[in-house]
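Here is what each chain is made of, one letter per residue.
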Amino acid sequence: MTIDIEGLREFIEARDRSDPPYFAGRKEVIADIETVCRTMWQRHTAGAPQHKGMTRIIHGAPGAGKTSLLGHRKQQWSQSRGRPVAGTGPKPRMLFLSGASVVQRPADFYARLLVVVDPDMAGKLFPAVRRPKVTAGGVAVIGSGASIQFAPGRGPAPPEMLGALAALAPQWSAPVVVAIDEAQNIGGDRYSAAGIILQELHDNRNDLPVMLVLAGLGDTVDRAMELGLSRPAQGTGWTLGCFDEAESDDLIAGWGRHFGLPDGDWRNTMRGIAEDCDHWPVHVQNALMALADEVVAADGKLEDVQSSVVRARSRKRQLAYYRQRMSPEIEGSAYLVGAMMRDLEPARGVIGVDRLIRQHCIDESGWRLPDGMTVNDFTRHLIHRGALHKHLDTGTVECPIPSFRAWLIKQGEPPHENDPEPDSRPSPGF
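Student: Pulling in residues and values, what's your account of the overall build of the protein?
Tutor: Helix and strand content of the protein: 17 helices and 10 strands. Classification of the 430 residues of the protein by burial places 51% in the buried group. Intrachain contacts of the protein at a sequence separation of at least 6 include 74% that bridge at least 24 residues. Working note: accessible area of the protein is about 19,800 Å², and carbon and sulfur atoms make up 49% of it.

Student: Residue-level account of the nonpolar core, with values.
Tutor: Side chains of a nonpolar character, in soluble globular proteins, are inclined to be buried together. If you look at the biggest cluster of nonpolar residues, it comprises 47 residues, and the most contacted ones within it are I33, V177, M340, M341, L382 and L388. Excluding residues within four positions of it along the chain, V177 makes contact with I33, C37, W77, P92, R93, M94, L95, M211 and V213. Judged by nonpolar contacts, the second largest core, of 30 residues, contains V103, L201, V210 and A224.

Student: Give me the sheet that holds strand 8 (residues 237–239): which residues, what numbers.
Tutor: Strands sit in the order 2-6-7-1-8 across an open sheet of five strands; the sheet is parallel. Here the strands that pair on one side only, and so sit at the sheet edges, are strand 2 (93–98) and strand 8. On average, adjacent strands in this sheet sit at an angle of 15 degrees to one another, irrespective of strand direction. As defined by bridge partners, strand 6 (residues 176–181) adjoins strand 7 (residues 210–216) across five bridges and the pair is classed as parallel. Across the sheet, the residue bridging to V177 is M211, located in strand 7. This element, helix 3 (residues 66–79), spans strand 1 (56–59), strand 2, strand 6 and strand 7 of the sheet and lies at about 145 degrees to strand 2.

Student: Lay out the packing of helix 1 (residues 5–14) against helix 11 (residues 281–297) with the relevant residues and their values.
Tutor: The interhelical angle for the contact between helix 1 and helix 11, taken along N-to-C directions, is 135 degrees, at an axis separation of 9 Å. For the element pair helix 1 / helix 11, the angle class is oblique. Once helix 1 is placed against helix 11, the crossing between them reads as left-handed. Residues I5, L8, R9, F11 and I12 of helix 1 pack against Q285, L288, M289, A292, D293, V295 and V296 of helix 11.

Student: For the side chain of S403, give the residues involved together with the corresponding values.
Tutor: Locating S403 in the fold gives a position in helix 17 (residues 402–411). Since its relative accessible area comes to 14%, S403 is described here as buried. Look past the residues within four positions of S403 in its chain and what remains in contact with it is C277, D278, Q318 and Y322.

Student: So what's going on with helix 9 (residues 245–258)? Residues and values would help.
Tutor: With 14 residues, helix 9 should cover 20 Å at 1.5 Å per step; its first-to-last C-alpha distance of 20 Å lies within 8% of that length. The set of residues buried in helix 9 consists of E247, S248, L251, I252, A253, G254, W255 and G256. For helix 9, the secondary structure elements touched by its buried residues are helix 1, helix 10 (265–276) and helix 11. For helix 9, the N-terminal capping position is held by D244, with its side-chain oxygen 3.2 Å away from the main-chain nitrogen of A246.

Student: Now, about the packing of helix 11 against helix 12 (residues 307–324): what can you tell me, with residues and values included?
Tutor: Look at helix 11 against helix 12: their axes get within 8 Å of each other, and the N-to-C directions meet at 140 degrees. The pairing of helix 11 with helix 12 is recorded here as oblique in orientation. In this structure, helix 11 crosses over helix 12, and the sense of that crossing is right-handed. Between helix 11, through V282, H283, N286, A287, M289, A290, L291, D293 and E294, and helix 12, the contact on the second element is made entirely by V309, V310, R313, S314, R317, Q318, Y321 and Y322. Of the residues belonging to the contact of helix 11 with helix 12, the class tally is nine nonpolar, four polar and four charged.

Student: A description of the packing of aromatic side chains should follow, citing residues and the corresponding values.
Tutor: Evaluated as defined, the whole model comprises 10 aromatic pairs. Relative to Y110, the ring of F109 lies with its centre 5.2 Å away and its plane at 80 degrees, an arrangement referred to as edge-to-face. The class for F109 is buried, based on a relative accessible area of 0%. Plain terms: the ring middles of W255 and W266 are 6.2 Å apart, the flat faces sit at 65 degrees to each other, and that makes the pair edge-to-face. Here the residue W255 occupies a position in helix 9, and W266 occupies one in helix 10, the gap between them amounting to 11 residues. By relative accessible area, which is 2% here, W255 ends up buried. Taken together, the aromatic side chains of F11, W255, F259 and W266 make up a single cluster linked through ring pairs.

Student: I'd like a description of the pairing of strand 6, backed by residues and values.
Tutor: Within strand 6, six of the six residues are buried, leaving the element largely enclosed by the surrounding structure. The alternating pattern of strand 6 places V176, V178 and I180 and V177, A179 and D181 on opposite faces, both of which are buried. Two strands pair when backbone bridges link them, and strand 2 and strand 6 are joined in this way by six bridges, in the parallel orientation. Paired with M94 across the strands is V177, a residue of strand 6.

What counts and what doesn't
Residues numbered from 1 in each chain as written. Predicted model: local features only at pLDDT ≥ 70, side-chain atom pairs only at ≥ 80, totals over all residues. Heavy atoms only, no water. Helix = DSSP H or I, 4+ residues; strand = E, 2+ residues; numbered from the N terminus. Buried < 20%, exposed > 50% of the residue type's maximum accessible area, 1.4 Å probe, protein only. Contact = heavy atoms within 4.5 Å. Areas by Shrake-Rupley, 256 points an atom, 1.4 Å probe, with all protein chains shown as cover. Core = buried A, V, L, I, M, F, W, Y, C linked by side-chain atoms within 4.5 Å. Pairing = 2+ DSSP bridges. Axes fitted to C-alpha atoms, helices over the stretch in contact; angles between N-to-C directions. Parallel < 35°, antiparallel > 145°, perpendicular 65-115°, else oblique. Left-handed = near helix turned anticlockwise from the far one by under 90°. Expected span 1.5 Å × (residues − 1). Polar contact = N/O pair within 3.5 Å; in protein donor to acceptor, adjacent residues only side chain to side chain. Nonpolar A, V, L, I, M, F, W, Y, C, P; charged D, E, K, R; others polar. Phe/Tyr/Trp six-rings, centres within 6.5 Å; stacked < 30°, edge-to-face > 60°.

Laid out in structure tokens, this is it:
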């Protein structure tokens, strides 16, 4: 087996914001989405009305793997397009929107959706650039004889826009997933363009085989409700947390096979690092990136790679991740946050967090609330930054990463006790 040095270099250059070369875990979430797609297609082909409110919300702290999950499914579905699996129907197609800007521009959104629904039809309508032709009257969306025009940037899209897509129903060849990443950043309210579009998709008023998936931080559910989506039904929200040991092992082994690394002690070292960082997905990926750095530097000679150096590099990336979670507001109230984290009881939920903040808040530097924030504002800010996470099914609130909680508590100690943490302990090579 030959180690893929060039592939490892590309993996290092891509950093942790790109899709992982090997995807592990989250099988229940994937199975749920594919079950909804399969049911939608069965009802579509039978001429039965679609279920309402099938939206899924996938939320978690930064680094939980939300973007990777969506990117993985889009890639897998794209590779199998046109090859339906017996008994399951055609593979879904995904309109993946990274960020919230497109859904706030109706013309752009519906044009992109049309391309996903029927690429051949879109190619015939827009042969030059595969997007709507801009005319004096706006953007024409045409299908099966329907012609709708509206001026981009002039308020919400009229209901007829989705109706124009419904006119293409006979040409549809697969269910469609509209996936919006970083959904917590969608602006507007229930009456905005984005709100009306999302409500159309969530309520499925046109009986189309279209599923809406919103992925974002811990406050994504609140943002969805502000945009007019009814509270998600039980079982329609997914919290992405730490991997379990088996998922980390799968990621490490699959990653090694992908890049041609032979089995060896390096896998035990990586398992130990994963355990030390609570199996948090981005930490495991960054640990693999640290290993990749050393394997490339050693030109693929694993015997020359020192586990102590890999551990030190991994720890450095882990601490950098924690510092990125710190906003000026959290830094300015570090003692208050540390005390709250130390006494946090997840079962008490948001009320318990509010109570602890009020209990520990005093008018001294590091212990005050951030300027202009109420207790409730600060609680929501901690959730938005990934320091806290609220579980939909239980209402409990906790720090999603145990080692991050320990680090925040350490930051809240008096300065003379807040000594730098050692990056690693000396250890032998692989």
